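Below, each chain spelled out in residue letters.
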Amino acid sequence: MAAKTEEAALGYEQARDELIEVVRRLEAGGTTLEESLALWERGEELAKVCRRWLEGARARLDAALAESAPPEGASADSE
């Protein structure tokens, strides 16, 4: 349960930066199989956090664009 709370507390930039570090460590090699699996699992968790932040941002942008769009059927050129 603590992991879910920790994930919820991570901001996008923090999760992204940690994910970059996880990928760097995996690409560098030199870790045991167990360490590599733990890093992979952490990377998956961080990727989900980033995806949720990006999906939320997309929803906010879509909502803002919908509010500023002219009503359906109305032409922007009709004055």
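Higher on the page you've got the structure.
Only a predicted model underlies this, so the values are computations on that prediction, with no experimental measurement involved.

Definitions and cut-offs
- Residues numbered from 1 in each chain as written.
- Predicted model: local features only at pLDDT ≥ 70, side-chain atom pairs only at ≥ 80, totals over all residues.
- Heavy atoms only, no water.
- Core = buried A, V, L, I, M, F, W, Y, C linked by side-chain atoms within 4.5 Å.
- Buried < 20%, exposed > 50% of the residue type's maximum accessible area, 1.4 Å probe, protein only.
- Helix = DSSP H or I, 4+ residues; strand = E, 2+ residues; numbered from the N terminus.
- Contact = heavy atoms within 4.5 Å.
- Salt bridge = Lys/Arg side-chain N within 4 Å of Asp/Glu carboxyl O.

To continue, consider the nonpolar core. Listed in full, the seven residues of the largest apolar core are Leu 10, Ala 15, Val 22, Leu 39, Leu 46, Val 49 and Cys 50. Within the residue set of this core, elements represented by two or more residues are α2 (12-28) and α3 (33-68). Here the element with the most residues in this core is α3; it accounts for four residues. With near-sequence residues (within four places) excluded, Leu 46 lies in contact with Leu 10, Ala 15, Glu 18, Leu 19 and Val 22.

Applying the stated criterion across every chain yields a total of five salt bridges. Between Arg 16 and Asp 17 there is a salt bridge, with its nearest N and O atoms 3.1 Å apart. Taking the relative accessible area as the measure of exposure, Asp 17 reaches 42% and is therefore partly exposed. The partner of Arg 42 in a salt bridge is Glu 18, and the shortest N-O contact between them spans 2.8 Å. One end of the pair, Arg 42, is in helix α3; the other, Glu 18, is in helix α2, with 24 residues separating them in the sequence.

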